[in-house]
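Listed here are the chains, written in short residue letters.
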Amino acid sequence: MQRIEAATSPRWIRTIGPLVVLSLLLGPGCRNTASTDPAPRDAVTEEDSTNPPLDSGIVADASTADLADAYETGDPPEECPEEYVYAAGTPIINATPNLGESDVDLTSGIGDRVPGMVVQMWHVPPDQLDGVAAQIQEAIRLSRVTDGDRVEVTATRERLPRNQDGRCYASSLARFAITIQPTQTVEPDHWYEVALDAMPDAVAQYLEPVPRGRFRQGHDARVGRIERDDKTEALTIRFTEGMTTPSLSLAPTVALTQAAANVPGCHLGTPSESWLEPGQKFLYVWGCSGLDPSEAFEVAIGGTLQTEDGTILQDANGMYVLSVEPTGWDAEHRTYEPPLP
């Protein structure tokens with residue numbers, strides 16, 4: 001059973017707007033009792049007691065334009081003003097597994113770290129922010145991918161400062177870090193997944209789809225994702241961690257075959273020298289004019305690629321062969337994720 005501990009943190013800045021039935025689920029402490037009139041205003045600070053409650057009083061639908069100011073550009077001031085500007089609109093709640101610098105949700109070789117989640121919120125009333133973060137904190141889970149066995153964890157949350165990553169985050173954005181500490185052993189030779197259990201509709205209906213957060217503490221040389229670009233007829237083959245080659249003579253080669261024939265036009269677009277140091281996370285293949293993604297095909301990577309600890313990508317025959325099935329493509333994002341064993 002998961003034990004939840006709220007970490008204390010200084011007052012930071014957040015972004016807010018009208019939410020829904022959350023106040024009923026989160027209790028009186030997360031509800032505004034001073035006013036039930038969600039009159040729109042230009043800005044509301046956390047000290048203002050007239051924030052609209054998290055109920056059905058949605059002011060406007062959110063759009064990508066609402067997020068245009070998510071990051072302020074230019075050189076940030078020495079200190080970001082600690083204020084939270086309430087931006088009216090449909091609540092947006094985003095929870096993303098914290099896999100570090102990885103651009104693949106399948107990441108290996110991360111060491112002893114156990115990823116948590118970063119929660120970002122727009123259009124959420126100030127007095128509801130912590131309650132929403134608490135709901136997500138309570139729902140976070142860690143499980144082993146191979147058999148689904150759950151790992152018991154202790155979760156904590158912390159409000160993140162506005163001035164992070166060398167810039168000031170927009171005052172209409174609230175950010176929390178949820179960290180987890182396993183109370184059981186996380187084995188470095190197994191894959192795990194950080195995800196969320198089901199939550200009440202009052203939060204779930206505003207929660208964007210949570211990316212899969214699969215990780216392995218130990219090294220595991222494999223392809224984590226393939227992306228295709230129909231316009232350039234190119235494929236980006238992303239690895240679960242950085243790869244290097246022992247020498248230029250062992251730099252990778254790539255061949256695509258479909259219906260037992262080579263796909264015409266495919267060229268390796270990643271220079272051989274780039275594989276020497278540091279580890280490269282993707283391999284670029286362009287000009288595959290004869291590839292039909294609606295049919296199965298094979299990707300064969302030769303040469304010698306290895307992880308930081310020397311784990312070789314290729315098998316004893318000197319090739320890493322991946323069968324790409326048409327049913328595995330994400331049509332919307334044009335990505336393919338090979339299944340884990």
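Cut-off values and rules
- Residues numbered from 1 in each chain as written.
- Predicted model: local features only at pLDDT ≥ 70, side-chain atom pairs only at ≥ 80, totals over all residues.
- Heavy atoms only, no water.
- Pairing = 2+ DSSP bridges.
- Helix = DSSP H or I, 4+ residues; strand = E, 2+ residues; numbered from the N terminus.
- Contact = heavy atoms within 4.5 Å.
- Axes fitted to C-alpha atoms, helices over the stretch in contact; angles between N-to-C directions.
- Buried < 20%, exposed > 50% of the residue type's maximum accessible area, 1.4 Å probe, protein only.
- Phe/Tyr/Trp six-rings, centres within 6.5 Å; stacked < 30°, edge-to-face > 60°.
- Lys NZ or Arg CZ within 6 Å of the ring centre and 35° of its normal.
- Disulfide = S-S within 2.5 Å.
- Salt bridge = Lys/Arg side-chain N within 4 Å of Asp/Glu carboxyl O.
- pLDDT = per-residue confidence, 0-100.

A. Quick peek at the sheet that holds strand β8 (residues 150-151). Within the open sheet, the five strands sit side by side as β5-β14-β13-β7-β8. Their pairing is mixed. Every interior strand has two partners, whereas the edge strands, β5 (106-108) and β8, have only one. This element, helix α2 (residues 129-139), spans β7 (140-144) and β13 (192-196) of the sheet and lies at about 20° to β7.

B. Spatial organisation of the pairing of strand β6 (residues 117-122). Within β6, five of the six residues are buried, which leaves the element mostly enclosed by the surrounding structure. In this structure, strand β4 (residues 92-97) lies alongside β6, joined through six bridges in antiparallel fashion. Across the sheet, residue Ile93 finds its bridge partner in β6, namely Met121. Pairing of β6 with strand β12 (residues 174-182) involves five bridges; the strand directions are antiparallel. In the strand pairing of β12, Val119 is matched with Phe176.

C. Broad picture of the packing of aromatic side chains. The final tally for this structure, using the stated rule, is three aromatic pairs. Consider the rings of Phe239 and Trp275, whose centres lie 6.1 Å apart with planes at 75°: the pair is edge-to-face. Residue Phe239 is found in strand β16 (residues 234-243), and its partner Trp275 is found in the loop between β19 (267-268) and β20 (280-286); the two are separated by 36 residues along the sequence. Using a relative accessible area of 2% as the deciding quantity, one classes Phe239 as buried. On the basis of relative accessibility, which here comes to 0%, the residue Trp275 falls in the buried class. Consider the rings of Trp329 and Tyr336, whose centres lie 5.6 Å apart with planes at 55°: the pair is tilted. Each member of the pair, Trp329 as well as Tyr336, carries the same accessibility label: buried. Between the NZ or CZ atom of Arg228 and the centre of the ring of Trp329, over which it lies, the distance is 4.6 Å. A cation over an aromatic ring shows up here: Arg238 above the ring of Phe282, its NZ or CZ 5.3 Å from the ring centre.

D. Summary view of the sheet that holds strand β21 (residues 297-302). Strand order in the open sheet formed by four strands is β18-β17-β21-β22, with antiparallel pairing between adjacent strands. Each end of this open sheet is capped by a strand with a single partner; those strands are β18 (261-262) and β22 (320-324). Relative to β18, strand β17 (residues 253-258) runs antiparallel, the two sharing two bridges. Looking across to β18, one finds that Gln258 is bridged to Ala261.

E. Region of interest: the state of the cysteines. In total, this model carries one disulfide according to the counting rule given. The disulfide that involves Cys266 links it to Cys288, with 2.2 Å between the sulfurs. Looking along the S-S bond of the Cys266-Cys288 disulfide, the torsion reads about 135°, which is the right-handed sense. Of this pair, Cys266 sits in the loop between β18 and β19 while Cys288 sits in the loop between β20 and β21; the two residues are 22 residues apart in sequence, bridging distant segments of the chain. Since its relative accessible area comes to 4%, Cys288 is described here as buried.

F. Structural detail: the environment of Trp329. With respect to the helices and strands, Trp329 occurs in strand β23 (residues 329-330). In this structure, the C-alpha to C-alpha distance between Trp329 and Pro293, residues 36 residues apart in sequence, is 8.4 Å. Sequence-distant contacts of Trp329, defined by excluding residues within four places in its chain, comprise Ile226, Arg228, Pro293, Phe297, Val324, Arg334, Thr335 and Tyr336.

G. Main features of unusual backbone geometry. A cis amide bond links Glu277 to the next residue, Pro278, at an omega of -15°. In this model, His123 sits at a positive phi of 60°, which is unusual for a non-glycine residue. Mapped onto the secondary structure, His123 falls in the loop between β6 and α2. Look at His123 and you get buried, because its relative accessible area is 2%. Within the chain, Glu233 stands out as a residue other than glycine whose phi angle is a positive 55°.

H. Main features of the pattern of salt bridges. Within this structure, the stated rule accounts for 14 salt bridges. The closest approach of N and O atoms between Arg214 and Asp105, which form a salt bridge, is 3.3 Å. With Arg214 in strand β14 (residues 213-216) and Asp105 in the loop between β4 and β5, this pair connects stretches of sequence that are 109 residues apart. In this structure Arg214 comes out as buried when scored by relative accessible area, which is 3%. When the shortest N-O distance is used, the salt bridge between Arg150 and Asp197 registers 2.8 Å. Placement of Arg150 in strand β8 and of Asp197 in the loop between β13 and α3 (201-204) is noted, with a sequence separation of 47 residues between them. Each of Asp105, Arg214 and Glu337 takes part in a single network of salt bridges with overlapping partners.

I. Representation of the confidence of the model for the protein chain within the structure. When pLDDT is averaged along the protein chain, the result is 80; 77% of the residues meet or exceed 70. Segment residues 1-53 is flagged for pLDDT under 50; beyond a separation of four residues in sequence, or across chains, it makes 176 contacts in the model. A low-confidence stretch, residues 55-73 stays under pLDDT 50, and its non-local contacts, those more than four residues away or across chains, total 39 contacts.

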